[in-house]
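Take a look at the letters that make up each chain.
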Amino acid sequence: MFGFGLPELIIVAVILLVVAGPSKLPQFGQALGSSIRGFKKAMNGEDVVQINDKNEKNEG
């Protein structure tokens, strides 16, 4: 996974813990998880964006 081993991940986790503090770690994990889920949905085509022309008038 991107050339990261266990020692590198531990170092990143310790730095994140020192910078953010233990109370912010769950928020970082939640944000990372939702980002990964959104990326996977976009890769599978589940995340479809519909673009409407601004010049079209809504009928109804």
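The structure presented is a predicted model; accordingly, all values stated were derived computationally and were not measured. (Residues numbered from 1 in each chain as written. Predicted model: local features only at pLDDT ≥ 70, side-chain atom pairs only at ≥ 80, totals over all residues. Heavy atoms only, no water.)

What follows concerns the overall build of the protein chain. A tally of regular secondary structure across the protein chain gives 2 helices and 0 strands. The burial tally for the protein chain puts 2% of its 60 residues in the buried class. With an accessible surface of roughly 6000 Å², the protein chain has 62% of that area assigned to carbon and sulfur atoms. (Helix = DSSP H or I, 4+ residues; strand = E, 2+ residues; numbered from the N terminus. Buried < 20%, exposed > 50% of the residue type's maximum accessible area, 1.4 Å probe, protein only. Areas by Shrake-Rupley, 256 points an atom, 1.4 Å probe, with all protein chains shown as cover.)

Let us look at a nonpolar patch on the surface. A cluster of nonpolar side chains, contributed by Leu-6, Ile-10, Ile-11, Val-14, Ile-15, Val-18 and Val-19, occupies part of the molecular surface with about 730 Å² of accessible area. Among the structural elements, Ile-11 can be located in helix H1 (residues 6-20). (Patch = residues over 30% accessible without salt bridge, like charges linked within 9 Å, V, L, I, M, F, W, Y side chains within 5 Å. Salt bridge = Lys/Arg side-chain N within 4 Å of Asp/Glu carboxyl O.)

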